[in-house]
Amino acid sequence: MERIAILSSHLQHKKFQHVLPHPAMSKGSPLTTHVLDTATGRPATSLAIHLYRRDSNDSSEEWHHLKFGYTNTDGRVPNLIDTEKFIPAVYKMHFDTAAYFKQSSTEGFYPYVEVGTT
């Protein structure tokens, strides 16, 4: 949470006053993603995403599934996690790229992509 406070203070600097948050942020989701299909130059639509959390005090290192959703036409999953449920922990987003490429009859290299953050 300390990093969030530092980032917030930087963004409140007058140098960044002209920057407006993306509409997805205004809905209150503190964790967002924006997926772009670099082959087409467009947002990746209908890409399945799973969100997991591993609590920092959990010695089992077990991932807990929090949410499943598909990216919208802008390549985003609105309301990925509620502010109340966003606690200090390790988060992982699992992107099902194999199914995404299969639906467009495109040969993909990675069957999935996982991105972690704290």
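Note that the coordinates shown come from a computational prediction; the quantities given were computed from them, not determined experimentally.

Draft legend 1. Examining the nonpolar core more closely. Counting residues in hydrophobic clusters, the biggest one holds 15 residues, and the most contacted among them are Leu 31, Leu 51, Tyr 91 and Met 93. For this core, the elements supplying multiple residues, two or more each, are strand E3 (48–55) and strand E5 (89–95). For this core, the element with the most residues is E5, which contributes 4 residues. Setting aside chain neighbours within four positions, we find Met 93 in contact with Leu 31, Thr 32, Thr 33, Ile 49, His 50, Leu 51, Leu 80, Val 113, Glu 114 and Val 115.

Draft legend 2. Structural detail: the environment of Arg 53. By the secondary structure assignment, Arg 53 is in strand E3. Note: C-alpha distance between Arg 53 and Phe 86 (33 residues apart in sequence) is 9.4 Å. Leave out the neighbours within four places in its chain, and Arg 53 touches Glu 62, Trp 63, His 64, Leu 66, Lys 85, Ile 87, Ala 89, Val 90 and Tyr 91. Within the structure, Arg 53 has its side chain in polar contact with the backbone oxygen of Lys 85 (distance 2.6 Å).

Draft legend 3. Up close: the side chain of Lys 92. Locating Lys 92 in the fold gives a position in strand E5. The buried category is assigned to Lys 92, whose relative accessible area is 15%. The residues contacting Lys 92, other than those within four sequence positions of it, are His 50, Leu 51, Tyr 52, Trp 63, Glu 114, Val 115 and Gly 116.

Draft legend 4. Inspection of the pattern of salt bridges at higher detail. Evaluated as defined, the whole model comprises 3 salt bridges. When the shortest N-O distance is used, the salt bridge between Asp 55 and Arg 53 registers 3.3 Å. Judged by its relative accessible area of 15%, Arg 53 is buried. For the salt bridge of Asp 74 with Arg 76, the shortest nitrogen-to-oxygen distance reads 2.8 Å. Overall, Asp 74 belongs to the partly exposed group, its relative accessible area being 30%.

Draft legend 5. Region of interest: the layout of surface pockets. By volume, the second largest pocket amounts to about 270 Å³. What lines the second largest pocket is a set of 14 residues, among which Val 35, Leu 36, Asp 37, Thr 97 and Phe 101 lie closest to the centre. Those elements that place two or more of their residues in the lining of the second largest pocket are strand E1 (36–37) and helix H3 (97–103). At 3 residues, the largest contribution of residues to the lining of the second largest pocket is made by H3. The residue inventory of the lining of the second largest pocket, partitioned by class, reads 11 nonpolar, 2 polar and 1 charged.

The rules behind the values
Residues numbered from 1 in each chain as written. Predicted model: local features only at pLDDT ≥ 70, side-chain atom pairs only at ≥ 80, totals over all residues. Heavy atoms only, no water. Core = buried A, V, L, I, M, F, W, Y, C linked by side-chain atoms within 4.5 Å. Buried < 20%, exposed > 50% of the residue type's maximum accessible area, 1.4 Å probe, protein only. Helix = DSSP H or I, 4+ residues; strand = E, 2+ residues; numbered from the N terminus. Contact = heavy atoms within 4.5 Å. Polar contact = N/O pair within 3.5 Å; in protein donor to acceptor, adjacent residues only side chain to side chain. Salt bridge = Lys/Arg side-chain N within 4 Å of Asp/Glu carboxyl O. 1 Å grid on protein atoms, 1.4 Å probe; cavity = no way out; pocket = protein on both sides within 12 Å on 5 of 7 lines; lining within 4 Å. Points joined across faces, edges and corners; volume = space filled by probe spheres on them. Nonpolar A, V, L, I, M, F, W, Y, C, P; charged D, E, K, R; others polar.

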